[in-house]
Amino acid sequence: VGKTTVKSLIADALMRKGETHSSVKSFNNHWGVPLTLSRMPKASQFGVFEIGMNHADEIRPLTKLVQPHLALVTTVEPVHLEHFASVEGIADAKSEIFEGLIPGGAAVINADNPYAERLAMRANEAGVTRLVRYGRGADCDARLLDFQTDGEGCDISADVFGRKVKLRIPAPGAFWASNGLAVLACMGALFDGDPSVGVEALEAFSPLPGRGHVRRIDSPKGVFTIV
């Protein structure tokens with residue numbers, strides 16, 4: 001649901017501001033997160049960590065190790081239901097990430113997701129005072145104004161903390177309406193409402209292998225596109 005790709009894009013954006021360290025591939029569990037922390041160079045100005053789970057109480061100790069300034073939940077979907085009684089349980093497990101935020105840190109939430117308010121409530125219970133929403137709603141800090149995809153890429157128009165931005169992502173897929181906006185919301189939250197490094201990263205993006213990479217193959221029957 002976009003965790004690894006969005007993590008990579010956030011890292012690409014932050015590299016434009018300073019030396020950035022991020023997790024390899026999807027090193028996001030009880031081995032991968034401590035390993036990523038221990039590999040972080042002393043000179044790093046930014047660190048980007050993916051934290052995943054398939055059980056309750058997995059994210060809680062990891063986020064307290066990372067102590068993020070900003071925590072993003074891209075979405076809540078019916079995955080790992082073999083370990084949860086409901087999707088609400090998945091939302092609660094993901095919201096554990098807010099418990100590690102430093103005082104004054106930002107919780108970034110996809111307002112278009114049905115569980116957005118549940119996540120916001122959990123963030124509030126964790127003592128988070130800064131909530132950033134992205135989505136299509138008028139009350140979103142990063143609001144999608146228009147989205148078009150043509151099979152070759154996606155065109156996005158958005159209002160990010162009062163700044164109008166337009167960009168083209170050279171990758172197809174309707175999911176970019178949400179994941180692209182997530183990157184812009186995070187950059188705006190970190191840099192006083194300025195999402196420009198996020199725009200640059202999105203416009204230069206090339207899909208990761210196994211995660212939306214597009215190949216076109218010529219054959220006697222025509223040209224085939226494989227995602």
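Predicted model, so just to flag it, every value in this text is computed and none were measured.

Asks: Before we go on, may I ask you to explain the overall build of the protein chain in this structure?
Replies: A count of helices and strands for the protein chain gives 7 helices and 10 strands. Its C-alpha atoms give the protein chain a radius of gyration of 18 Å, near enough to 17 Å, the size a compact globule of 227 residues would have. Seen through its C-alpha atoms, the protein chain measures out along the principal axes to roughly 55 × 40 × 40 Å. Relative to its 227 residues, the protein chain shows a buried fraction of 47%. Across the protein chain, every contact between residues at least 6 apart in sequence was considered, and the portion connecting residues at least 24 apart equals 57%. Total accessible area on the protein chain stands at roughly 11,400 Å², and carbon and sulfur atoms take up 52% of it.

Asks: I keep staring at the pairing of strand β6 (residues 142-149) and nothing clicks. Help me out?
Replies: Along any regular strand the residues' side chains alternate between the sheet's two faces. Pairing geometry for strand β5 (residues 130-135) and β6, over 2 bridges, is parallel. Bridged to G135 within β6 is R143. Connecting β6 to the next strand, strand β7 (residues 154-160), in antiparallel fashion are 4 residues, including G151 with a positive phi near 90°.

Asks: Please clarify how the nonpolar core should be interpreted in this entry.
Replies: Within soluble globular proteins, side chains that are nonpolar tend to cluster in buried spots. If you look at the biggest cluster of nonpolar residues, it comprises 40 residues, and the most contacted ones within it are I10, L72 and W176. Looking at which element gives the most residues to this core, the answer is helix α6 (residues 176-190), with 10 residues. Excluding anything up to four places from it in sequence, I10 contacts V48, L72, V183, C186 and M187. Within the second largest apolar cluster, 25 residues are counted, among which are V66, F98, A120 and V128.

Asks: For this particular structure, what's the right way to read the state of the cysteines?
Replies: What is meant by a disulfide is a covalent connection between two cysteines, made through their sulfur atoms. The final tally for this structure, using the stated rule, is 0 disulfides. With no disulfide of its own, C140 has C186 as its nearest cysteine by sulfur position, at a separation of 13 Å. According to the relative accessible area criterion, C140 is buried, its value standing at 9%. C154 takes part in no disulfide bond, and the closest cysteine sulfur to it belongs to C186, at a distance of 19 Å.

Asks: Quick question: what am I supposed to make of the environment of M121 here?
Replies: Examined against the element boundaries, M121 turns out to sit in helix α5 (residues 116-125). Judged by relative accessible area, M121 falls into the partly exposed class, the value being 40%.

Asks: Even after reading the chapter, I still don't get the packing of aromatic side chains, so can you show me in this structure?
Replies: The relative placement of two aromatic rings is captured by the distance of their centres and the angle of their planes. Within the structure shown, the criterion is met by 3 aromatic pairs. Consider the rings of F46 and F191, whose centres lie 6.2 Å apart with planes at 80°: the pair is edge-to-face. Of the two residues, F46 is situated in strand β2 (residues 46-48) and F191 in the loop between α6 and α7 (196-203); the sequence distance between them amounts to 145 residues. Clustering of aromatic rings is evident, with ring pairs tying together F175, W176 and F205. Against the face of F191 rests K17, its NZ or CZ located 4.7 Å from the ring centre.

Asks: I would appreciate a short explanation of unusual backbone geometry in the present structure.
Replies: Residues apart from glycine generally show negative phi values, whereas peptide bonds are mostly found in trans. A positive phi angle, near 50°, is found at F161, a position not held by glycine. In this structure, F161 sits in the loop between β7 and β8 (163-169). Overall, the relative accessible area of 31% leaves F161 in the partly exposed class. Unusually for a residue other than glycine, D192 sits at a positive phi of about 55°. In this structure D192 comes out as exposed when scored by relative accessible area, which is 76%.

Asks: It is not clear to me how the sheet that holds strand β3 (residues 70-73) should be interpreted in this structure. Could you clarify?
Replies: Two orientations exist for strands paired in a sheet by backbone hydrogen bonds: parallel and antiparallel. What the 6 strands build is an open sheet, ordered β3-β4-β5-β6-β7-β8; its pairing is mixed. Edge positions in the open sheet fall to β3 and β8, since each of these has one partner strand only. Ignoring which end each strand starts from, the neighbouring axes of this sheet average 20° apart. Direction of pairing for β6 relative to β7: antiparallel, over a ladder of 7 bridges. Along β7, the bridge assignment pairs R143 with D159.

Parameters at a glance
Residues numbered from 1 in each chain as written. Predicted model: local features only at pLDDT ≥ 70, side-chain atom pairs only at ≥ 80, totals over all residues. Heavy atoms only, no water. Helix = DSSP H or I, 4+ residues; strand = E, 2+ residues; numbered from the N terminus. Rg over C-alpha atoms; globule rule 2.2 N^0.38 Å. Buried < 20%, exposed > 50% of the residue type's maximum accessible area, 1.4 Å probe, protein only. Contact = heavy atoms within 4.5 Å. Areas by Shrake-Rupley, 256 points an atom, 1.4 Å probe, with all protein chains shown as cover. Pairing = 2+ DSSP bridges. Core = buried A, V, L, I, M, F, W, Y, C linked by side-chain atoms within 4.5 Å. Disulfide = S-S within 2.5 Å. Phe/Tyr/Trp six-rings, centres within 6.5 Å; stacked < 30°, edge-to-face > 60°. Lys NZ or Arg CZ within 6 Å of the ring centre and 35° of its normal. Axes fitted to C-alpha atoms, helices over the stretch in contact; angles between N-to-C directions.

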